[in-house]
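# Overview (structure and organization)
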Amino acid sequence: MQNLMVKLADVKEQINEKIKHPYLLKHIEQPIIDEDKLLLLLSLLNKGSVPELTAKKYCLTIMLIQIALDTHELVSNHKLDSEELKSRQLTVLAGVYYSGLYYKILADIDDIEMIHSLAEGIKEVNEHKISLYQKSANTFDELMNDVKKIESSLFEKVASYLDDKEWSDFSANLLFIKRLNAERKLFLQGRKSIVFEAIKHIAGKNDKCLNSNETDNELLAICDHYIDFSKKLIQKQYMKFPIIDELLVKRIQSVLSKNGSYANTFVEEG
């Protein structure tokens, strides 16, 4: 556990150094580093035969890609006053800046196959984001596939590159649950949730006579169905390759315990 914690702190510090830009940070929020994604990446690379220095470069690159993608997602399209407009413009520029950082690191990595894999991952994330934001999905399964791919495409590509299909599936389901939990929380707080807006859009095609309370309960039930199903998949996957790192086990338990009761089984057996 200590070794992984040290690596996590080291890579996180490197990321913070890379994204530190005094002028940008005066006008936009500090980018958030998703430690769960970073931890999954480090754990995956630790399993393989990737040299430690190369593994850290991969982690740094992939997390900068993730930050660039997340930053562009913060850009709104509603009417703004002059100060808000400046912030939006700088948010766009920040995303471009972070993209430039990971391209520079990729250029230093003499691994064309990995570069190609990450490029494919970025393409998939953007395609599924467009589908989500344009509410293109016609079914809940299509919608949830968009959400899962947005969260996991980069990680699936890395796992595929390392020929680790089981880890790819496990990570995809875990990140999917984490995203749905976050969207569920936004919805319950009365805040904007792009995922619940899309669920409502699909549900509204069939159930046009529900009152608002019934609609809310139906939307939550749909979300919870996909969370519970993915938790069951994780349970099966975990039994195939028990994770021995204590830090990762704790983070998995934390994600699974956010909603529903099925996580208890994992916690007890893990």
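Residues numbered from 1 in each chain as written. Predicted model: local features only at pLDDT ≥ 70, side-chain atom pairs only at ≥ 80, totals over all residues. Heavy atoms only, no water.

## Focus on the overall build of the chain
- Along the backbone of the chain there are 12 helices and zero strands.
- Shown N-terminal to C-terminal, the secondary structure of the chain runs as helices and strands in the order α-α-α-α-α-α-α-α-α-α-α-α.
- Counting only residues that meet the buried cut, the chain has 47% of its 270 residues in that class. (Helix = DSSP H or I, 4+ residues; strand = E, 2+ residues; numbered from the N terminus. Buried < 20%, exposed > 50% of the residue type's maximum accessible area, 1.4 Å probe, protein only.)

## A word on helix α6 (residues 112-133)
- Along its 22 residues, α6 runs 32 Å from first to last C-alpha, staying within 8% of the 32 Å computed at 1.5 Å per residue.
- Among the residues of α6, those classed as buried are M114, S117, L118, G121, I122, E124, V125, H128, K129, S131 and L132.
- Of the residues flanking the end of α6, it is K135, one or two places downstream, whose phi is positive at about 55 degrees. (Expected span 1.5 Å × (residues − 1).)

## Observations concerning the packing of helix α8 (residues 165-188) against helix α11 (residues 246-256)
- Two numbers describe how α8 lies on α11: the axes approach to 9 Å, and their chain directions differ by 45 degrees. It follows from the interaxial angle that α8 and α11 lie oblique. Here α8 and α11 pass one another in a crossing that is left-handed. Residue-level inspection shows W167, F170, L174, I177, K178 and N181 of α8 in contact with α11, the latter providing L248, I252, V255 and L256.
- Partitioned by chemical class, the residues of the contact of α8 with α11 number eight nonpolar, one polar and one charged. (Axes fitted to C-alpha atoms, helices over the stretch in contact; angles between N-to-C directions. Parallel < 35°, antiparallel > 145°, perpendicular 65-115°, else oblique. Left-handed = near helix turned anticlockwise from the far one by under 90°. Contact = heavy atoms within 4.5 Å. Nonpolar A, V, L, I, M, F, W, Y, C, P; charged D, E, K, R; others polar.)

## Brief notes about the nonpolar core
- Membership of the largest hydrophobic core comes to 67 residues, with the highest contact counts inside it found for I15, L38, L143, L154, L180 and I199.
- Ranked by residue count, the leading element in this core is helix α4 (residues 52-73), at 10 residues.
- Filtering out sequence-adjacent residues up to four positions away, I15 remains in contact with I33, L38, L60, M63, L64 and I67. (Core = buried A, V, L, I, M, F, W, Y, C linked by side-chain atoms within 4.5 Å.)

## Concerning helix α3 (residues 35-47)
- Taking 1.5 Å of rise per residue, the 13 residues of α3 would be expected to cover 18 Å, and the 18 Å separating its terminal C-alpha atoms lies within 8% of that figure.
- Of all 13 residues in α3, 10 are buried; the element is thus mostly enclosed.
- Along α3, the residues that are buried comprise D36, K37, L38, L39, L40, L41, L42, S43, L44 and L45.
- One side-chain oxygen of the residue at the start of α3 lies 3.0 Å from the amide nitrogen of D36, identifying that residue as D34. (Polar contact = N/O pair within 3.5 Å; in protein donor to acceptor, adjacent residues only side chain to side chain.)

## Some thoughts on the packing of aromatic side chains
- Applying the stated rule across the entire model yields three aromatic pairs.
- Judged by centre distance (6.4 Å) and plane angle (85 degrees), the ring pair of Y58 and Y161 falls under edge-to-face. Taken together, the residues Y58 in helix α4 and Y161 in helix α7 (residues 140-161) connect sequence positions 103 residues apart.
- Taking relative accessible area as the criterion, Y58 reaches 5% and is therefore assigned buried. (Phe/Tyr/Trp six-rings, centres within 6.5 Å; stacked < 30°, edge-to-face > 60°.)

## Notes on the confidence of the model for the chain
- Taken over all residues, the pLDDT of the chain has a mean of 79, while the share at 70 or more is 73%.
- Note on residues 74-83: pLDDT under 50 across the span, and 10 contacts to partners over four residues away in sequence or across chains.
- Across residues 260-270, where pLDDT falls below 50, the model places 18 contacts with residues more than four positions away in sequence or in other chains. (pLDDT = per-residue confidence, 0-100.)

## Topic: the environment of D245
- Along the polypeptide, D245 turns up in the loop between α10 (212-240) and α11.
- Expressed as a C-alpha distance, the spacing of D245 and L4, which sit 241 residues apart in the sequence, is 8.2 Å.

## Digging into the pattern of salt bridges
- Enumeration over the complete set of coordinates arrives at 17 salt bridges.
- One salt bridge in this structure joins D34 and K178, with 2.7 Å as the shortest N-O distance. Linking D34 in the loop between α2 (22-27) and α3 with K178 in helix α8, this pair joins segments that are 144 residues apart in sequence.
- Classification of D34 by relative accessible area gives buried; the value is 18%.
- Taking the shortest distance from any N to any O, the salt bridge between K37 and E151 comes out at 3.0 Å. (Salt bridge = Lys/Arg side-chain N within 4 Å of Asp/Glu carboxyl O.)

## Looking at the packing of α6 against α7
- In contact at an axis separation of 8 Å, α6 and α7 are set at 175 degrees when each is read in the N-to-C sense. Comparing their axes, α7 and α6 come out roughly antiparallel.
- For the contact of α6 with α7, the class distribution of residues is 10 nonpolar, six polar and seven charged.

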